[in-house]
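Structural overview for review
What follows is each chain in one-letter form.
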Amino acid sequence: MAERMQYQVPPTRTEPTAKEALDTLLESLHEHGFLRLANDLVRANSDIGKILAEGLNKPGSQNAIQNFSLLFMMLSTIPPERMNHLLLALKAGVMAVKPASDEAKQDSAAPGIRGVVKLLNDEDLWQGLRPIFAGVEAFTREMHKEEVKPITRYSGKASYE
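Residues numbered from 1 in each chain as written. Predicted model: local features only at pLDDT ≥ 70, side-chain atom pairs only at ≥ 80, totals over all residues. Heavy atoms only, no water.

What follows concerns the overall build of the protein. On a plain count of helices and strands, the protein comes out with nine helices and zero strands. Compactness check: the protein gives a C-alpha radius of gyration of 31 Å against a globular reference of 15 Å for 161 residues, more than 25% above the reference. The principal-axis extents of the C-alpha atoms in the protein amount to approximately 105 × 60 × 45 Å. Accessible surface for the protein amounts to roughly 15700 Å². Of this, 61% is attributable to carbon and sulfur atoms. (Helix = DSSP H or I, 4+ residues; strand = E, 2+ residues; numbered from the N terminus. Rg over C-alpha atoms; globule rule 2.2 N^0.38 Å. Areas by Shrake-Rupley, 256 points an atom, 1.4 Å probe, with all protein chains shown as cover.)

The structure is reproduced here in structure tokens:
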């Protein structure tokens, strides 16, 4: 007698193949005019390249590119959870600042000498100002340091002019 065959049915595909996904992408690009734009850019590449090269060869453009790259390098050193915490605190601070209406101005008079003395003894106020003072101190410390070329600061390699 014949032995029973071991056949497993292949699972039904649930996702498109790479060829089908590429066809869909190509059709979408064509429908929205991106293929025509790409074709026009390729045909006019010498003119566009010349314009881009001339624009990027100006000192202002080079400074802007370097400044953006420095900004991104500096931001890359901040952990995302710290940046999130900082942005939420900044948002809360901005939202807490409200323009004073005319009624609020009339209701709140200047604190006077006694009010100023109370503010000097307000522990919550000083705890709130402490991070600002620390930030100003760190900013001042960095501003007093000698300027160093960015390549030297981030790579440790000397820069020659």
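With that out of the way, let us pick up the pattern of salt bridges. Evaluation of the coordinates by the stated rule reveals four salt bridges. Between aspartate 40 and arginine 43 there is a salt bridge, with its nearest N and O atoms 3.5 Å apart. Of this pair, aspartate 40 and arginine 43 both sit in helix α2 (residues 34-43), three residues apart, which is roughly one turn of that helix. A salt bridge links glutamate 142 to lysine 145, with the nearest nitrogen and oxygen atoms 3.0 Å apart. Of the residues examined, lysine 145 reaches a relative accessible area of 48% and is grouped as partly exposed. (Salt bridge = Lys/Arg side-chain N within 4 Å of Asp/Glu carboxyl O. Buried < 20%, exposed > 50% of the residue type's maximum accessible area, 1.4 Å probe, protein only.)

Computed from the structure, the largest pocket encloses a volume of approximately 580 Å³. Lining the largest pocket are 13 residues, and of these Arg82, Leu86, Pro131, Ala138 and Phe139 sit closest to its centre. Where the lining of the largest pocket is concerned, the elements lending two or more residues are α5 (80-96), α8 (123-144) and α9 (150-155). Counting residues per element, the lining of the largest pocket draws most heavily on α8, which supplies seven residues. Considered class by class, the residues forming the lining of the largest pocket number eight nonpolar, two polar and three charged. Of the volumes computed, that of the second largest pocket is approximately 240 Å³. Lining the second largest pocket we find Leu70, Glu142, Met143, Lys145, Glu146, Glu147, Val148, Pro150, Arg153 and Tyr154. The set of elements that each furnish at least two residues to the lining of the second largest pocket consists of α8 and α9. (1 Å grid on protein atoms, 1.4 Å probe; cavity = no way out; pocket = protein on both sides within 12 Å on 5 of 7 lines; lining within 4 Å. Points joined across faces, edges and corners; volume = space filled by probe spheres on them. Nonpolar A, V, L, I, M, F, W, Y, C, P; charged D, E, K, R; others polar.)

Next up on the list: a nonpolar patch on the surface. Residues Phe68, Leu71, Phe72, Met73, Met74, Leu75 and Tyr154 make up a contiguous nonpolar surface patch of about 660 Å² in total accessible area. The greatest single-element share of the nonpolar patch, amounting to six residues, is contributed by helix α4 (residues 59-75). As for its placement among the helices and strands, phenylalanine 72 is situated in helix α4. (Patch = residues over 30% accessible without salt bridge, like charges linked within 9 Å, V, L, I, M, F, W, Y side chains within 5 Å.)

Time to look at α8. Side chains three or four residues apart in an α-helix point the same way, a direct result of the helix having 3.6 residues per turn. Taking 1.5 Å per residue as the helical rise, α8 with its 22 residues ought to reach 32 Å, and the 31 Å between its terminal C-alpha atoms agrees with that figure. For α8, the principal kink sits at leucine 129 and spans about 30 degrees; a proline, proline 131, occurs within the next four residues. Among the residues of α8, the N-terminal cap falls to aspartate 122, whose side-chain oxygen and the backbone nitrogen of aspartate 124 are separated by 3.3 Å. (Expected span 1.5 Å × (residues − 1). Bend = angle between axes of the 7 residues up to and from the residue. Polar contact = N/O pair within 3.5 Å; in protein donor to acceptor, adjacent residues only side chain to side chain.)

Next up on the list: helix α1 (residues 18-31). Its 14 residues place the ends of α1 20 Å apart at the C-alpha level, agreeing with the 20 Å of an ideal helix rising 1.5 Å per residue. The positive-phi residue at the C-terminal boundary of α1 is glycine 33, with phi of around 85 degrees.

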